[in-house]
Amino acid sequence: MEWLRFGSRTAGLLAALYAATVVELSWPANDFTPSWIALAVTFAIAVNRTSASVAWAAVGGFVIDATARGPFGAVLMAYGFVAGFFVTLVPAGRRTWWFTPTVAFTLATVLPVVQALIAHWDGGSLVEPALLWKPALLRGCTTAFAATVCVMLYCVTHRLLSPSVSSQPLQLSNRWTMLTE
């Protein structure tokens with residue numbers, strides 16, 4: 001039965017990554033749109049263990065490398081390193097509310113920085129730091145905001161759909177009459 005749970009999680013994460021790729025490629029790109037692939041990779045990192053998290057981050061980087069212009073493997077390595085850093089810093093049992101937006105922000109800001117560094121190393125253009133950081137920070141902030149909203153919606157729906165802790169009727173005491181007498 002464990003293989004079914006693992007297989008359905010893998011199929012769900014692949015579907016989420018595919019949908020994020022389609023949305024990212026069809027959505028008009030500007031600074032205020034979140035990085036949908038970074039959100040899908042953040043979701044995969046949040047629900048998996050350490051080694052699987054790094055593998056999913058590498059798959060997300062591979063998808064970005066396959067759909068973007070430039071050399072192959074730069075974003076794959078950057079996403080793998082970022083995911084490896086975060087999952088070794090915070091193991092799976094101790095991930096709290098700040099983990100997901102921080103990972104989403106970092107993954108979203110990695111892509112413009114890597115693309116600018118590649119352009120600089122090619123000698124094609126000189127990179128102005130002010131021109132590099134503004135779009136990277138805006139995209140990172142919108143992605144972190146989207147990740148925060150997703151985490152909050154997940155927590156609320158999980159709380160609403162989970163069964164109650166106790167199925168026994170609540171025991172009433174006679175405290176009120178004891179306090180008033």
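What you are looking at is a predicted structure, and each value in this text was computed from that prediction instead of being measured. (Residues numbered from 1 in each chain as written. Predicted model: local features only at pLDDT ≥ 70, side-chain atom pairs only at ≥ 80, totals over all residues. Heavy atoms only, no water.)

### Side note on the packing of aromatic side chains
Here is step 1 of the chain: In this structure the tally under the stated criterion is 5 aromatic pairs.
Here is step 2 of the chain: Pairing phenylalanine 86 with phenylalanine 99 gives two aromatic rings, centres 6.3 Å apart and planes at 85°, and the pair type is edge-to-face. Pair noted here: phenylalanine 86 is in helix H4 (residues 74-89) and phenylalanine 99 is in helix H5 (residues 99-122), with a separation of 13 residues, a long-range link.
Here is step 3 of the chain: Residue phenylalanine 99 is classed as buried on the basis of its relative accessible area of 1%.
Here is step 4 of the chain: With a centroid separation of 6.3 Å and 75° between ring planes, the pair formed by tryptophan 98 and phenylalanine 99 is classed as edge-to-face.
Here is step 5 of the chain: A relative accessible area of 33% places tryptophan 98 in the partly exposed class.
Here is step 6 of the chain: Counting every residue linked through ring pairs, the aromatic cluster contains Phe85, Phe86, Trp98 and Phe99. (Phe/Tyr/Trp six-rings, centres within 6.5 Å; stacked < 30°, edge-to-face > 60°. Helix = DSSP H or I, 4+ residues; strand = E, 2+ residues; numbered from the N terminus. Buried < 20%, exposed > 50% of the residue type's maximum accessible area, 1.4 Å probe, protein only.)

### Comments concerning the nonpolar core
A general trend in soluble globular proteins is that nonpolar side chains are found buried together.
Here is step 1 of the chain: Ile37, Val41, Ile45, Tyr79 and Leu107 are the most contacted members of the largest nonpolar core, which totals 26 residues.
Here is step 2 of the chain: For this core, the secondary-structure elements that each account for two or more residues are helix H1 (2-26), helix H2 (36-47), helix H3 (50-67), H4 and H5.
Here is step 3 of the chain: Sorting elements by how many residues they give to this core places H5 first, with 8 residues.
Here is step 4 of the chain: Those residues in contact with leucine 107, other than ones at most four positions away along the chain, are Ala38, Val41, Thr42, Ile45, Tyr79 and Val82. (Core = buried A, V, L, I, M, F, W, Y, C linked by side-chain atoms within 4.5 Å. Contact = heavy atoms within 4.5 Å.)

### Quick word on the side chain of threonine 42
Here is step 1 of the chain: Mapped onto the elements, threonine 42 comes out in helix H2.
Here is step 2 of the chain: Among residues more than four places away in sequence, those in contact with threonine 42 are Thr100, Val103, Ala104 and Leu107.

Geometry only, nothing functional implied.
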